[in-house]
Amino acid sequence: MDYNATTPLEPEVIQAMTEAMQEAWGNPSSPYPAGRKAKAIISAARESLAKMIGGQPQDIIFTSGGTESNNLVIHSVLQHFHKAHTSEGDAAERRLLGEGAMPHFITCTVEHDSIRLPLEHLVEEQVAAVTFVPVSKVNGQAEADDILAAIRPATCLVTIMLANNETGVIMPIPELGRRVAALNQQRVASGLPRILLHTDAAQALGKRRVDVRDLGVDFLTIVGHKLYGPRIGALYVRGLGERTPLYPMLFGGGQERGFRPGTENTPMIAGLGKAAELVTENCEAYEAHMRAVRDYLEARLVAEFNKKIHFNSQFPGTERLPNTCNFSIRGPQLQGRLVLAQCRTLLASVGAACHSDQGDRPSPVLLSCGIPADVARNALRLSVGRSTTQAEVDLVVQDLKQAVARLEGQA
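Numbering of residues begins from 1 in every chain and follows the order in which that chain's sequence is written. In view of the model being predicted, local features appear only for residues whose pLDDT reaches at least 70, and side-chain atom pairs are presented and counted only at 80 or more, with totals across whole chains, interfaces and linings using the full set of residues. Where side-chain values are given, they derive from all heavy atoms of the structure, hydrogens and water being excluded.

Helix and strand definitions here come from DSSP, where helices need a minimum of 4 consecutive H or I residues and strands a minimum of 2 consecutive E residues; each element is numbered from the N-terminal end. Tallying secondary structure elements over the protein gives 13 helices and 10 strands in all. Just to be clear, the radius of gyration here is over C-alpha atoms, and the globule rule we use is 2.2 Å times residues to the power 0.38. Taken over C-alpha atoms, the radius of gyration comes to 22 Å for the protein, in line with the 22 Å a tight globule of 411 residues would show. Counting only C-alpha atoms and orienting by the principal axes, one finds that the protein spans roughly 70 × 55 × 35 Å. For the exposure calls, accessible area comes from a 1.4 Å probe over protein chains only, and a residue counts as buried if that area is under 20% of its type's maximum, exposed if over 50%, partly exposed in between. In the protein, which comprises 411 residues, the proportion classed as buried is 57%. For the protein, long-range pairs separated by at least 24 residues make up 73% of all intrachain contacts whose partners lie at least 6 apart in sequence. Surface exposure of the protein reaches about 17300 Å², of which carbon and sulfur atoms provide 53%. Residues count as neighbours in contact if any of their non-hydrogen atoms are within 4.5 Å of one another. For the accessible areas, the method is Shrake-Rupley and the probe is 1.4 Å, while residue cover comes only from the protein chains on display.

This is how it looks when you write it as structure tokens:
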């Protein structure tokens, strides 16, 4: 029950990838049939991704994964700011911000490392200023009021994840999109640069409907392996190269219109396109199934552990992902890592998979959300998938019960 960490490939995805390997082995830039077939598969996949998020195919760029997509956004906005504030740029903007103005980024305290670490690196290199807005201890969200309050004249990017990978909390991106758009009208009228808005949608896609028109974002990160697809990704850029700037990090053969060069990985792209197609067709059914199983899991946990259970991601009035349950079983011997080590059936995590080497240190995400350290240390994140059954939930709860009994018996 660790489907927020990764997901298996759907059979249809494996089939699409296998067919591409066998039949579309040509270089997509080559003019002969095998190359043209590869190019057609890539175009179809681009259309499938665009349809999944309500965007345009020409606004989709394929990448190696979420980490590259997130870094590409930060890199592009930094480059764009510097270009606008050199001799080529807008003289009025330079006067308003002052010569040598430093670009300012806004994010929140519960972002994935592929956002947090690049931004921290920019601060260390003294090439940007960054504000990490704390999430509310009442609702677990980065609130729009707090983000807007952090904006400065030199703010160039706001990047807030769509759903948190540990708590499942949905962030108020549509509200943020509306308010940043309104603010941008005033900023442009007064000669200040437009603020761009990015959301990392890795955890939300495949679990709830995602539409870039509702979100009002300029950039959106797509990650294949979170939605039963292969381990590549994509980046949505609204009005790519015209309305919204994108600057390549790599230089080479000019593929992906020069924004992301390198011979395209046709089989992986075919698989990602098929995964997106399945999400477009079945998202409501996936969501309903996962919510029903997750709610059953939480009911069974309460029935089995009663007041020892503390749910770490149930904030009143806040939406969360339909598949995610973050909880702690109270007790001095019941640290999450120790409980999982005693389990014989359950495969899960204590938080983000990329933080699995942190030992008994409580999750910084849970601490940011106001969960006390002794409770956060005992946290387990269970995330159900498309095929998880109530029978499997019963086995897992029984496994947890026996693991807890063993640990408490050792004390």
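Attention now goes to the pairing of strand S5 (residues 196-200). The element S5 is extensively covered by neighbouring structure, given that 5 of its 5 residues are classed as buried. Here S5 shows two buried faces, one formed by Leu 196, His 198 and Asp 200 and the other by Leu 197 and Thr 199. Sheet topology places strand S4 (residues 155-159) next to S5; 3 bridges connect them, and they run parallel. Looking across to S5, one finds that Leu 157 is bridged to Leu 196. When the strands point away from the viewer and the path from the first strand over the helix to the second turns clockwise, the crossover is right-handed. Note on the crossover from S4 through helix H7 (residues 173-189) to S5: the handedness is right-handed. Whether two strands pair depends on DSSP finding at least two bridges between them. Pairing between S5 and strand S6 (residues 219-223): 3 bridges, direction parallel.

Turning our eyes to something else, we now look at the nonpolar core. By nonpolar core is meant a set of buried Ala, Val, Leu, Ile, Met, Phe, Trp, Tyr and Cys residues that side-chain atoms within 4.5 Å join together. Counting residues in hydrophobic clusters, the biggest one holds 86 residues, and the most contacted among them are Leu 176, Leu 220, Leu 301, Phe 327 and Leu 400. Element by element, the count of residues in this core is highest for helix H9 (residues 266-305), at 13 residues. If sequence neighbours within four positions are ignored, Leu 220 has contacts with Ile 53, His 198, Thr 199, Ala 201, Leu 205, Val 210, Val 212, Leu 215, Ala 234, Leu 235 and Tyr 236. Counting residues in hydrophobic clusters, the runner-up holds 23 residues, among them Leu 72, Val 77, Ile 115 and Phe 219.

Spatially, 7 strands are ordered S1-S7-S6-S5-S4-S2-S3 in an open sheet, and the strand pairing comes out mixed. This sheet does not close on itself; its edge strands, each paired only once, are strand S1 (60-63) and strand S3 (129-133). Across the sheet, the mean angle separating the axes of adjacent strands is 20° when strand polarity is ignored. As paired elements, strand S2 (residues 104-108) and S3 share 5 bridges and run parallel to each other. By the bridge assignment for S3, His 104 is matched with Ala 129. Note on geometry: axes are lines fitted to C-alpha atoms, helical ones only across the stretch in contact, with angles between N-to-C directions running from 0 to 180 degrees.

Further remarks concern the sheet that holds strand S8 (residues 309-311). Across a sheet, paired strands are connected by hydrogen bonds in the backbone, their directions being either parallel or antiparallel. The strand order S8-S9-S10 describes an open sheet built from 3 strands, whose pairing is antiparallel. Unpaired on one side and paired on the other, S8 and strand S10 (379-383) mark the two borders of the sheet. Geometrically, the sheet is characterised by an average inter-axis angle of 30° between neighbouring strands, direction not taken into account. For S8 and strand S9 (residues 324-329), the ladder comprises 3 bridges, and the chain directions are antiparallel. Across the sheet, residue His 310 finds its bridge partner in S9, namely Ser 328. The strands touched by H9 within the sheet are S8, S9 and S10, with S9 carrying the most contacts at an inclination of about 10°.

What follows covers the packing of aromatic side chains. Geometrically, a pair of aromatic rings is defined through the distance of the ring centres and the angle of the planes. The rule is short: rings of Phe, Tyr and Trp, with Trp giving its six-membered ring, pair when the centres are within 6.5 Å, and they are stacked under 30 degrees, edge-to-face over 60, tilted in between. With the rule as written, the count across this model stands at 1 aromatic pair. Taking the centre distance of 6.3 Å and the plane angle of 15° together, the rings of Tyr 3 and Tyr 228 count as stacked. Taken as a pair, Tyr 3 in the segment before helix H1 (11-23) and Tyr 228 in the loop between S6 and strand S7 (233-237) lie far apart in primary sequence, 225 residues in all. Overall, Tyr 228 belongs to the buried group, its relative accessible area being 7%.

Whenever a pair of cysteine sulfur atoms sits within 2.5 Å, that pair is classed as a disulfide. This structure, assessed with the given rule, holds 0 disulfides. Not part of a disulfide, Cys 108 finds its nearest cysteine sulfur in Cys 369, a span of 9.1 Å. Its relative accessible area of 2% is what places Cys 108 among the buried residues. Residue classification places Cys 369 among the buried residues on the basis of a relative accessible area of 3%.

The rule for a salt bridge is simple: a side-chain nitrogen of Lys or Arg has to be within 4 Å of a carboxyl oxygen of Asp or Glu. Tallied over the entire structure, the rule returns 22 salt bridges. Of the charged contacts in the structure, one is a salt bridge between Lys 37 and Glu 23, with a shortest N-O distance of 3.2 Å. In this pair, Lys 37 is assigned in helix H2 (residues 33-53) and Glu 23 in helix H1, connecting sequence segments 14 residues apart. On the basis of relative accessible area, Glu 23 is assigned to the partly exposed category, the value being 42%. A salt bridge links Glu 298 to Arg 320; the nearest nitrogen and oxygen atoms lie 2.9 Å apart. One end of the pair, Glu 298, is in helix H9; the other, Arg 320, is in the loop between S8 and S9, and 22 residues separate them in sequence. The residues Glu 298 and Arg 320 share a single accessibility class, namely buried. A cluster of three or more residues bridged by salt bridges with shared partners is formed by Arg 300, Glu 304, Asp 394 and Lys 401.

This part covers empty space enclosed by the protein. The pocket and cavity definitions rest on a 1 Å grid over protein atoms only: a 1.4 Å probe that fits but cannot leave marks a cavity, an open set with protein on both sides within 12 Å along at least five of seven lines marks a pocket, and residues lining either have an atom within 4 Å of a point. Grid points are joined across faces, edges and corners, and a volume is the space filled by probe spheres set on the points. All told, the structure shown has 3 cavities of 30 Å³ or more when counted by the stated rule. For the second largest cavity, the calculated volume is near 60 Å³. Around the second largest cavity sit 13 residues that line it, and Gly 206, Lys 207, Lys 226, Tyr 228 and Met 290 are the ones nearest its centre. Partitioning the lining of the second largest cavity into residue classes produces 6 nonpolar, 4 polar and 3 charged. For this classification, Asp, Glu, Lys and Arg are treated as charged, while Ala, Val, Leu, Ile, Met, Phe, Trp, Tyr, Cys and Pro are nonpolar and the rest, including Gly, are polar.

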